[in-house]
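Chains, contacts and geometry: an overview
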Amino acid sequence: MTGPARFVSSLRSSLNDRAHTPVVERADTPVVERAQRDETLRGRGRPGTVAAVDLGATSGRVIVGRVGPGTLETTTVARFPNEPVHTGDGLHWNLLGMYGAVLAGLRSAVAAHADPDDRVRSIGVDSWAVDYGLLRGARGGPGGRLLGEPFHYRDERTARGVAAVHARVPQAELYDRTGLQFLPFNTLYQWAADDPAVLEIADTALLIPDLIAYWLTGVARAEQTNASTTGLLRWADRQWDLALAERVGIPARLLPDLIAPGERLGTLHAPAATAVGLAAGAEVPVTAVGSHDTASAVVAVPMETGAAAYISCGTWGLVGVEVERPILTAEARAANFTNEGGVDGRVRLLHNVMGLWLLSEAVRGWERRDAAGAAGGAVHPIDLSALLDAAAEVPASAVPVFDVNDPRFLPPGDMPARIAEWCAEHGVAAPRTRAEFTRSIVESLAQAFAEAAQRAGRLGGVDVRTIHVVGGGALNALLCQRTADRSGLPVLAGPVEATALGNVLVQARAAGLVSGDLESLRGLVARTHPPRRFDPRP
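Notes on the structure in this doc start here. Numbers given for residues are sequential positions, taken from 1 along each chain in its written order. Reporting in this predicted model follows two pLDDT cut-offs: at least 70 for local features of residues, and 80 or more for side-chain atom pairs to be given and counted; totals over whole chains, interfaces and linings ignore these cut-offs and use all residues. By convention in this description, side-chain values take in all heavy atoms of the structure and omit both hydrogens and water.

Take helix α3 (residues 95-112) next. Going along the chain from the N terminus, every DSSP run of H or I of four or more residues is numbered as a helix, and every run of E of two or more is numbered as a strand. Take the residue count of a helix, subtract one, and multiply by 1.5 Å to get its expected span. Here α3 is 18 residues long and its end C-alpha atoms lie 25 Å apart, about the 26 Å a rise of 1.5 Å per residue gives. Contacts are assigned to residue pairs that have any heavy atoms within 4.5 Å of one another. Looking at the buried side of α3, the elements it contacts are β2 (48-55), β3 (59-68), β4 (71-81), β7 (120-126), α8 (208-217) and α11 (270-275).

The term nonpolar core refers to a set of buried residues drawn from Ala, Val, Leu, Ile, Met, Phe, Trp, Tyr and Cys, joined through side-chain atoms within 4.5 Å. Think of it in three bands: with a 1.4 Å probe and only protein chains considered, a residue is buried below 20% of the maximum accessible area for its type, exposed above 50%, and partly exposed in between. One finds L106, I123, L216, L268, L358 and L445 to be the most contacted residues of the largest nonpolar core, which totals 136 residues. Sorting elements by how many residues they give to this core places helix α17 (residues 434-460) first, with 11 residues. With 25 residues, the next largest nonpolar core counts Y132, L174, L207 and I250 among its residues.

Turning our attention to empty space enclosed by the protein. Site definitions follow a grid-based scheme: protein atoms alone, a 1 Å grid, a 1.4 Å probe that fits but cannot get out for cavities, and for pockets an open set with protein on both sides within 12 Å along at least five of seven lines, plus lining residues having an atom within 4 Å of a point. Grid points are joined across faces, edges and corners, and a volume is the space filled by probe spheres set on the points. Evaluation of the coordinates by the stated rule reveals five cavities of 30 Å³ or more. If you add up the space inside the largest cavity, you get close to 110 Å³. Around the largest cavity sit 15 residues that line it, and D210, A213, E223, L265 and A288 are the ones nearest its centre. Contributing elements (two or more residues each) for the lining of the largest cavity: α8 and β14 (285-287). Per-element accounting of the lining of the largest cavity gives the leading share, four residues, to α8. Looking at the second largest cavity, the residues that line it are Q171, L174, Y175, T178, L180, Q181, F182, N186, L188, Y189 and G231. Every element with two or more residues in the lining of the second largest cavity is listed here: α5 (171-178) and α6 (187-193). Per element, the largest residue contribution to the lining of the second largest cavity is four residues, and it comes from α5. All amino acids are sorted into three groups, where Ala, Val, Leu, Ile, Met, Phe, Trp, Tyr, Cys and Pro are nonpolar, Asp, Glu, Lys and Arg are charged, and the leftover types, Gly among them, are polar. For the lining of the second largest cavity, the residue count by class is six nonpolar, five polar and no charged.

On to the pairing of β2, then. Among the eight residues in β2, eight count as buried, and that is most of the element. Pairing of β2 with β3 involves eight bridges; the strand directions are antiparallel. For V53, the partnering residue across the bridge sits in β3 and is V62. Pairs of strands are assigned from DSSP output, requiring at least two bridges between the strands. Once β2 ends, the chain turns through three residues before running back antiparallel as β3. Pairing of β2 with β7 involves five bridges; the strand directions are parallel. Residue pairing for β7: A52 is matched across the bridge by G124.

Let us look at the side chain of H113. If you trace the backbone, H113 turns up in the loop between α3 and β7. Here H113 falls in the buried class, since its relative accessible area comes to 17%. Excluding anything up to four places from it in sequence, H113 contacts T49, V64, D118, R119 and V120.

Our focus in this paragraph is the pattern of salt bridges. In what follows, salt bridge is the name for a side-chain nitrogen of Lys or Arg lying within 4 Å of a carboxyl oxygen of Asp or Glu. One pass over the full model with this rule turns up 29 salt bridges. Here R434 and D370 are joined by a salt bridge, their closest N and O atoms 2.9 Å apart. With R434 in helix α17 and D370 in helix α14 (residues 357-372), this pair connects stretches of sequence that are 64 residues apart. With a relative accessible area of 32%, D370 lands in the partly exposed category. A salt bridge links E436 to R432, with the shortest nitrogen-to-oxygen separation between them at 3.3 Å. Under the relative-accessibility criterion, E436 is labelled buried at 12%. Because the salt bridges share partners, they merge into one network encompassing R439, E443, R482, D485, R486 and R537.

Looking now at the environment of W235. Looking at the secondary structure, you find W235 in the loop between α9 (224-227) and α10 (242-247). C-alpha separation for the pair W235 and T178, spaced 57 residues apart in sequence, amounts to 5.4 Å. Residue contacts for W235: discarding those within four places in its chain leaves R177, T178, G179, P326, N339, E340, G341 and V347. Separated by 2.8 Å, the side chain of W235 and the backbone oxygen of T178 make a polar contact. In protein, a polar contact requires one atom able to donate a hydrogen and another able to accept it; more generally it is a pair of N or O atoms within 3.5 Å, and residues adjacent in sequence count only if both atoms are side-chain atoms.

A few words on helix α18 (residues 477-487). Across the 11 residues of α18, 10 count as buried, placing the element largely inside the fold. Buried residues of α18: A477, L478, L479, C480, Q481, R482, T483, A484, D485 and S487, and no others. Against the buried residues of α18 lie β15 (308-313), α15 (384-393), α17, β19 (466-470), β20 (491-493) and β21 (532-534). Phi turns positive, to about 75°, at G488, one or two residues after α18.

Attention now moves to the packing of aromatic side chains. Pairing of aromatic side chains requires ring centres within 6.5 Å, counting the rings of Phe and Tyr and the six-membered ring of Trp. Pairs whose planes differ by under 30 degrees are stacked, by over 60 edge-to-face, and all others tilted. Scanning all chains against the criterion turns up 11 aromatic pairs. Their ring planes at 65° and their centres at 5.6 Å tell us that F182 and Y189 sit as a pair that is edge-to-face. Ring pairs connect the aromatic residues W93, W128, Y153, F185 and W316, which therefore count as one cluster. Distance and angle both matter: a charge sits over a ring if NZ of Lys or CZ of Arg is within 6 Å of the ring centre and within 35 degrees of the ring normal. Sitting over the ring of F151, R157 keeps its end group 4.0 Å from the ring centre.

Moving on: unusual backbone geometry. Among all residues except glycine, the phi angle is most often negative; among peptide bonds, the trans geometry is most common. Of the consecutive residues G494 and P495, the connecting peptide bond is found in the cis state with omega at 10°. The residue P495 is located in the loop between β20 and α19 (498-510) in this model. The backbone phi angle of V130 is positive, close to 70°, even though this residue is not glycine. For V130, the location among the structural elements is in the loop between β7 and β8 (132-136). Phi at D344 is positive, roughly 60°, even though this residue is not glycine. Within the fold, D344 resides in the loop between β17 (338-341) and β18 (347-353).

Structure (structure tokens):
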């Protein structure tokens with residue numbers, strides 16, 4: 001499947017500009033040359049197989065990776081929806097349902113690689129950040145009990161957590177200690193909003209990928225890149241800030257021991273091994289990866305570190321640069337840039353942009369409206385190909401550029417009505433048609449991406465000469481082109497599956513299938529998954 005068909009099937013909330021013909025990046029770029037010189041990735045070792053569990057905010061996947069010197073291939077063996085559930089106390093993830101789908105996907109992976117010479121050598125788990133499950137008894141092995149389905153970060157309870165935390169610790173001090181940007185759903189604020197009666201009986205809090213890994217292995221640990229998104233990890237030594245936890249009323253016992261990407265967490269314990277179809281006595285290790293999906297994605301950005309910005313574009317647009325040390329200046333705090341942990345001790349200096357959530361939620365709203373007027377209330381999916389074609393025909397000058405980071409766009413709801421409301425408040429004409437709304441969203445995202453990439457470079461001391469777009473947004477040719485136009489910089493798009501590739505690469509390096517530093521791994525990505533180039537137009 002290629003072109004618009006592949007684009008629509010893989011990411012219904014993106015746009016495609018068929019008129020643009022992408023150009024493959026030349027093989028003489030610095031990152032490719034480095035890989036070609038790197039003997040650690042050019043040996044004669046035999047490729048091996050690992051499995052990546054990649055959980056996103058709208059869907060999850062199990063992906064098999066085949067990795068070796070000169071080889072980096074992935075195959076999706078399972079894909080399943082991730083749909084939140086409204087209950088009387090708020091918005092939750094159906095994590096138990098997702099875990100069942102993960103086991104089924106891993107079973108498919110194991111069955112497809114039954115040959116002992118091609119067996120699955122490792123499993124790694126990544127997901128979105130900040131959300132968690134509370135457990136009791138998890139420190140003693142696999143029998144820990146989940147105390148309710150995890151809350152969704154878009155649940156409205158987080159507002160009271162913000163007020164509770166800031167009443168005890170000002171935001172400026174939080175930033176100095178943790179380097180984390182203010183987002184109302186950061187884990188710190190969610191913990192502060194939790195029911196005290198539940199916190200009283202809980203003894204462990206595990207972020208989503210750590211919770212899945214716990215169910216697979218019976219070992220409760222907190223992977224460092226995702227732990228850095230909680231608001232309780234000290235940047236001075238990258239350990240839990242227990243004094244801060246005490247000040248904001250979070251029991252220190254909830255915080256499990258940390259583990260770094262590339263370390264072995266454990267092996268599949270008996271129930272999980274049986275569920276995935278392993279033969280008696282067979283062992284498969286679970287390896288810690290960059291369990292925050294953006295951390296894994298950045299591993300697979302084929303960039304020249306000191307000269308590029310990245311945009312990991314999906315439900316969110318994570319825009320930033322990679323640096324060696326956190327940037328904790330007043331300017332970075334005022335710009336709401338965050339310092340999150342990366343693989344190999346790197347720092348991801350980035351800004352969260354609302355992302356393609358805006359378009360996906362707008363499409364859902366249109367579909368609900370269509371269903372309300374249809375006989376029997378039948379839901380008919382919008383013809384995205386037609387919508388995308390129509391949006392590409394709308395002149396950029398005919399639509400408003402709005403602030404995509406306005407808080408009104410965070411909760412689920414009628415996104416076109418909120419855009420129109422923003423336009424009315426700012427004295428600009430609102431879009432009128434679905435195509436115009438779609439084009440307005442793309443133009444607004446492109447402007448936000450361009451500004452954030454340039455600011456990340458200034459704050460981090462990186463001479464940004466190229467912007468890399470990875471994830472589902474890399475298929476959105478119109479968005480990539482408009483980001484290039486608005487930034488005045490070339491945009492290199494791809495790989496689409498950057499998160500899975502980064503997950504797979506960290507596992508493969510731990511298993512001895514490849515070796516080298518991040519630049520070497522990125523060189524392998526560049527050679528096997530060359531990006532598409534979009535040059536800025538006058």
